[in-house]
Amino acid sequence: MAKTINIKRKLQNKTDTHYTVLVVEDDNLLNKLICTRLIDEGFLAKSASNGIECVNNLLSKEFKVLLIDYKLPDLSIEEILNKLKEAECAIPFVVMTGYGDEKIAVSVMKLGAKDYIIKDAQFITRLPEVIKRVIHEVESEKKLIDLKNSLIENEERLRLFTEHTKDIIVLVDRNGSIKWSNAAWKSIYGDNYTSLPTMKNLLHQKDIGILLQSWNRLLSHDIRINNLTYHIKDNTQDRYNVYESTVFPLTIKEERLFYIISRDVTENIETEKKNKWVEEQLQYTKSMELLSKVTSGIAEHFNNILTGISGYANLLVNSILAKTQSEYAQKIYELAMQGGEINTKLAMFAHQKNNIEVVSIHSVIHSVLDNMRKNWDVSIETSLKAGMD
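The rules behind each value
- Residues numbered from 1 in each chain as written.
- Predicted model: local features only at pLDDT ≥ 70, side-chain atom pairs only at ≥ 80, totals over all residues.
- Heavy atoms only, no water.
- Patch = residues over 30% accessible without salt bridge, like charges linked within 9 Å, V, L, I, M, F, W, Y side chains within 5 Å.
- Areas by Shrake-Rupley, 256 points an atom, 1.4 Å probe, with all protein chains shown as cover.
- Salt bridge = Lys/Arg side-chain N within 4 Å of Asp/Glu carboxyl O.
- Helix = DSSP H or I, 4+ residues; strand = E, 2+ residues; numbered from the N terminus.
- 1 Å grid on protein atoms, 1.4 Å probe; cavity = no way out; pocket = protein on both sides within 12 Å on 5 of 7 lines; lining within 4 Å.
- Points joined across faces, edges and corners; volume = space filled by probe spheres on them.
- Nonpolar A, V, L, I, M, F, W, Y, C, P; charged D, E, K, R; others polar.
- Axes fitted to C-alpha atoms, helices over the stretch in contact; angles between N-to-C directions.
- Parallel < 35°, antiparallel > 145°, perpendicular 65-115°, else oblique.
- Left-handed = near helix turned anticlockwise from the far one by under 90°.
- Contact = heavy atoms within 4.5 Å.
- Lys, Arg positive; Asp, Glu negative; His and termini not counted.
- Charge placed at Lys NZ, Arg CZ, Asp CG, Glu CD.
- Buried < 20%, exposed > 50% of the residue type's maximum accessible area, 1.4 Å probe, protein only.
- Core = buried A, V, L, I, M, F, W, Y, C linked by side-chain atoms within 4.5 Å.
- Expected span 1.5 Å × (residues − 1).
- Arc of directions from axis to C-beta.
- Phe/Tyr/Trp six-rings, centres within 6.5 Å; stacked < 30°, edge-to-face > 60°.
- Pairing = 2+ DSSP bridges.

Visitor: Honestly, a nonpolar patch on the surface in this entry has me stumped. Any pointers?
Guide: Nonpolar side chains collect at one region of the surface, where Leu290, Val294, Ile298, Phe302, Ile305, Ile309 and Ile332 lie side by side and expose about 610 Å² of accessible area between them. Among the elements that take part in the nonpolar patch, helix 9 (residues 266-318) stands out by supplying six residues, more than any other. Note that isoleucine 309 resides in helix 9.

Okay, here's the thing in structure tokens:
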């Protein structure tokens, strides 16, 4: 039963540790005992009996921890560490000593040891926990170093972004005082403005109230504000540029600050207006093309009618009629010819492609009615509905 429990514990611990330890001890029996104990706890262990073997192993293979005796027959710990340093081989190490001397403890710790352990009656029992603690400490240090390097890299990326972006970035406190600004801000405003309130004269009058409300909401609710749009005067071009900002709170050294990123979207808005105008013109062109087709059809049919009227009127004029009837026939013919001229204009309107002029249908109607009043002995009245030109 004892052997079965030992195997289970060994397999379970391997999944937790599974690190290689180099054991350097000149006493072969003790060396073997230490390796067996570490393997039983789930570590991988390799033995060396002197300083030369220790150095050769460390330079040729990768180990997680070095467990080394304080006194070896060939090299001292200082000599071993110097050789490793020359080869740029760094490894965390734990020193074993048969003496409980405080001076030795201080000495090995000064050499850079992660810990030391006395070879007493509890030595073999306590050894795995010491190794585990050292490994945990080393990994924690590595994580901290990696995190620090990552922060340094991120800070550098952020610095490069803030200094080269065209977006305006400022850091302000609760009073609106500018604590930091990027190159884009300085290129536009220089050192003329030290706080947001001093920029009030640059804001469009209609935006001041909205911006004050947003700022008060930011202070009271401590929330992020996106797509805050406002207008700032551009003295170089004598106009107001449109800006869109994102504001979010953050804490730096226990001080509540606000990070503001602003982008000039004036060109984007102007481009959108141009695109909208082009789209409207395309729709207008399509409508005019449709109107041209309809007008062309009307003009064609109306031309056939006018041709018939003028033809028959001409026959009447040239036939044997009473004087009065002949005069009436002449007037019908003249009116048909005038209608033909108007129809020609409609046909020209229907077929022209460029420089389309808006024609008032009312003027066309009035022109026809005026001709009818002049040439016919009739009374004609017109009525236009409200809203029509």
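Now that the structure has been shown, we can carry on.
Visitor: Can you walk me through the layout of surface pockets in this structure?
Guide: One simple way to see leftover space: roll a probe sized like a water molecule over the atoms. Estimated volume of the second largest pocket: approximately 630 Å³. Surrounding the second largest pocket, 27 residues form its lining, Leu196, Pro197, Leu203, Leu211 and Trp215 being those nearest its centre. Only strand 6 (168-172), helix 7 (183-189), helix 8 (205-221), strand 8 (225-234), strand 9 (239-252) and strand 10 (255-264) provide two or more residues apiece to the lining of the second largest pocket. Broken down by element, the residue count for the lining of the second largest pocket peaks at six residues, all from helix 8. Looking at the lining of the second largest pocket residue by residue, the classes come out as 21 nonpolar, five polar and one charged.

Visitor: What is the right way to read the packing of helix 3 (residues 51-60) against helix 4 (residues 77-86) from this model?
Guide: Pairs of packed helices are described in terms of their axes, by the angle between the two and the distance that separates them. Look at helix 3 against helix 4: their axes get within 10 Å of each other, and the N-to-C directions meet at 25°. If you check the angle between helix 3 and helix 4, you find them roughly parallel. Handedness of the crossing formed by helix 3 with helix 4: right-handed. For the pair helix 3 and helix 4, contact is made by Gly51, Cys54, Val55, Leu58 and Leu59 and by Ile80, Lys83 and Leu84, respectively. Taken together, the residues that form the contact of helix 3 with helix 4 break down as six nonpolar, one polar and one charged.

Visitor: What exactly am I supposed to notice about a negative patch on the surface here?
Guide: Residues Glu53, Asp74, Glu78 and Glu79 make up a contiguous surface patch of negative charge. Here aspartate 74 shows up in the loop between strand 3 (65-69) and helix 4.

Visitor: Looking at this model, I keep getting lost on the environment of alanine 313. Mind explaining?
Guide: Its place among the elements puts alanine 313 in helix 9. Among the residues examined, alanine 313 registers a relative accessible area of 3% and is labelled buried. Once residues lying within four places of it in the same chain are set aside, the contact partners of alanine 313 are Ala329, Ile332 and Tyr333.

Visitor: Hey, could you run me through the nonpolar core in this one?
Guide: Residues Ile168, Val172, Trp185, Tyr189, Met199, Tyr230 and Ile232 are the most contacted members of the largest nonpolar core, which totals 23 residues. Elements with a minimum of two residues in this core: strand 6, helix 7, helix 8, strand 8, strand 9 and strand 10. Excluding anything up to four places from it in sequence, valine 172 contacts Ser177, Ile178, Lys179, Leu196, Trp215, Leu257, Phe258 and Ile260.

Visitor: What is the right way to look at helix 8 in this model?
Guide: Between its first and last C-alpha atoms helix 8 spans 26 Å; for 17 residues at 1.5 Å apiece the expected length is 24 Å, and the two agree. By the burial criterion, the buried members of helix 8 are Asp207, Ile208, Leu211, Ser214, Trp215 and Leu218. Viewed end-on, helix 8 has its buried residues packed into an arc of 140°, placing them on one side of the element. Of the exposed residues in helix 8, those oriented more than 90 degrees away from the buried face are Lys206, Gln213, Ser220 and His221. Aspartate 222 sits one or two positions beyond helix 8 and adopts a positive phi of about 55°.

Visitor: When you look at the packing of aromatic side chains in this model, what are you seeing that I'm missing?
Guide: The geometry of two aromatic rings is summed up by the distance between their centres and the angle between their planes. A complete count under the given rule lists five aromatic pairs for this structure. Where tryptophan 185 meets tyrosine 189, the ring centres are 4.7 Å apart and the plane angle is 50°; that geometry is what we call tilted. Here tyrosine 189 and tryptophan 185 lie together in helix 7, a separation of four residues that amounts to about one turn. Exposure remark for tryptophan 185: the relative accessible area of 5% places this residue in the buried category. Taking the centre distance of 5.9 Å and the plane angle of 85° together, the rings of tyrosine 189 and tyrosine 193 count as edge-to-face.

Visitor: Explain unusual backbone geometry to me, please; I cannot follow it from the model alone.
Guide: Peptide bonds are, in most cases, trans, and in most cases residues other than glycine have a negative phi. Unusually for a residue other than glycine, glutamate 88 sits at a positive phi of about 55°. In this structure, glutamate 88 sits in the loop between helix 4 and strand 4 (93-97). With a phi close to 55°, lysine 253 is a non-glycine residue in the positive phi region. Positionally, lysine 253 belongs in the loop between strand 9 and strand 10.

Visitor: Where do I start with the sheet that holds strand 5 (residues 115-118) in this structure?
Guide: As a general point, the strands of a sheet are linked pairwise by backbone hydrogen bonds and lie either parallel or antiparallel. Taken together, the five strands give an open sheet; going across it, the order is 2-1-3-4-5, and neighbouring strands pair in parallel fashion. Bordering the open sheet on either side are strand 2 (44-48) and strand 5, each of which pairs with just one other strand. Each neighbouring strand pair of the sheet contributes to a mean axis angle of 20°, computed without reference to strand direction. Sheet topology places strand 1 (residues 20-24) next to strand 2; five bridges connect them, and they run parallel. The partner of threonine 20 across the bridge, within strand 2, is leucine 44. Most of the contacts of helix 6 (residues 123-164) go to strand 5, to which it runs at about 175°, and overall it touches strand 1, strand 3, strand 4 and strand 5.

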